[in-house]
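# Structure assessment
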Amino acid sequence: MNLDAEFHCLPQYERFCNCTFQDCCCGETNVHEWVWDNKNSTYAIVLSENNLEVKLHDEYSLGTAVVRGNKLLEKGRHHYWEVKMLTTVYGTDIMVGVGTNKVDLNGPKQSFCSFLGLDQESFGFSYLGYIQHAGKKHTYGPCFGKGSLVGVHLDTWKGTLEFFLNRKSLGIAFTGLRDIILYPMVSSTAAQSMMKLTCSCSVPVSLQVKCLSILKSSHRAYISTMFPGLRHLTQSIFADILKAQSNEEDDESEKD
């Protein structure tokens, strides 16, 4: 089957909420360990809101615009971030993912392409529902569009990359990333496309964090009350993110 023909159709997608977007703050937090980097982007990038909001192709598009985060994703940690789509998502491709410092951010500025995952140096999730690495596309999840919240979980210990759509896990997308130094990235071919980094956070890989994935919500609430020192973990977004991953692993083991 021709994947390009399959994916380039009118996508159907769900919003994270039903708010009027001019006033919407749903899904946003004040935790931002990194922001978008105006020194590591293509010429067509405009940053605002303390570098949390990015407009790709300020006026019109002549190719593909790319921007990366201003900090590398440190080893020995779980990293999670979410990107909210603020404008209509359309065109050749809009992607969320990660890449190494070898990615040539200005390479695609005069060509329309699915940039993240085009070579060995990056990994991407497309708004058309597929993932891509080394130029190979694979069916993965639903499409996303205006109002969608795209989450990314990088487990640097296991070396896995997992995407979320509106806080729902889509499953492990890529493995074998344990020894690769990566940066968060987004790319777009669409004129005046806007996205907002609503959170970017991390926690160390530890037994405490691992235990979050098997605790019920009632247990987490109890621990949060009785052990205030662990409240930052039990009430963090990682409690839900790791729970979703644990449930997915349980489902796979039952199939086996």
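Notes on the structure follow.

Basis of the calculations
Residues numbered from 1 in each chain as written. Predicted model: local features only at pLDDT ≥ 70, side-chain atom pairs only at ≥ 80, totals over all residues. Heavy atoms only, no water. Helix = DSSP H or I, 4+ residues; strand = E, 2+ residues; numbered from the N terminus. Buried < 20%, exposed > 50% of the residue type's maximum accessible area, 1.4 Å probe, protein only. Pairing = 2+ DSSP bridges. Axes fitted to C-alpha atoms, helices over the stretch in contact; angles between N-to-C directions. Salt bridge = Lys/Arg side-chain N within 4 Å of Asp/Glu carboxyl O. 1 Å grid on protein atoms, 1.4 Å probe; cavity = no way out; pocket = protein on both sides within 12 Å on 5 of 7 lines; lining within 4 Å. Points joined across faces, edges and corners; volume = space filled by probe spheres on them. Nonpolar A, V, L, I, M, F, W, Y, C, P; charged D, E, K, R; others polar.

### Points about the overall build of the protein chain
Counting its secondary structure elements, the protein chain contains five helices and 14 strands. The 256 residues of the protein chain split such that 51% are buried.

### Examining the sheet that holds strand β10 (residues 149-155)
Pairing in this open sheet of seven strands is antiparallel, and the strands run β2-β3-β14-β5-β10-β11-β12 from one edge to the other. One side of each edge strand has no neighbouring strand; the edge strands of this open sheet are β2 (45-48) and β12 (168-174). When strand polarity is set aside, the average angle formed by the axes of neighbouring strands in this sheet is 25 degrees. By the bridge criterion, four bridges tie strand β3 (residues 53-56) to strand β14 (residues 193-204) in an arrangement that is antiparallel. Residue Leu56 lies in a different strand from β14, and its bridge partner there is Ser193.

### Concerning the pattern of salt bridges
Applying the stated criterion to the full structure yields four salt bridges. Note that Lys84 is salt-bridged to Glu28, the shortest N-O span being 3.2 Å. Highlighted residues: Lys84 in strand β5 (residues 77-85) and Glu28 in the loop between α1 (3-7) and β1 (36-41), separated in sequence by 56 residues. Accessibility expressed as a relative area gives 24% for Glu28, which makes it partly exposed.

### Structural notes on empty space enclosed by the protein
This structure, assessed with the given rule, holds one cavity of 30 Å³ or more. Reported here for the largest cavity is a volume of approximately 50 Å³. The wall of the largest cavity is formed by Leu73, Glu74, Lys75, Leu154, Thr156, Leu177, Arg178, Ile180, Ile181 and Leu182. Classifying every residue of the lining of the largest cavity gives six nonpolar, one polar and three charged.

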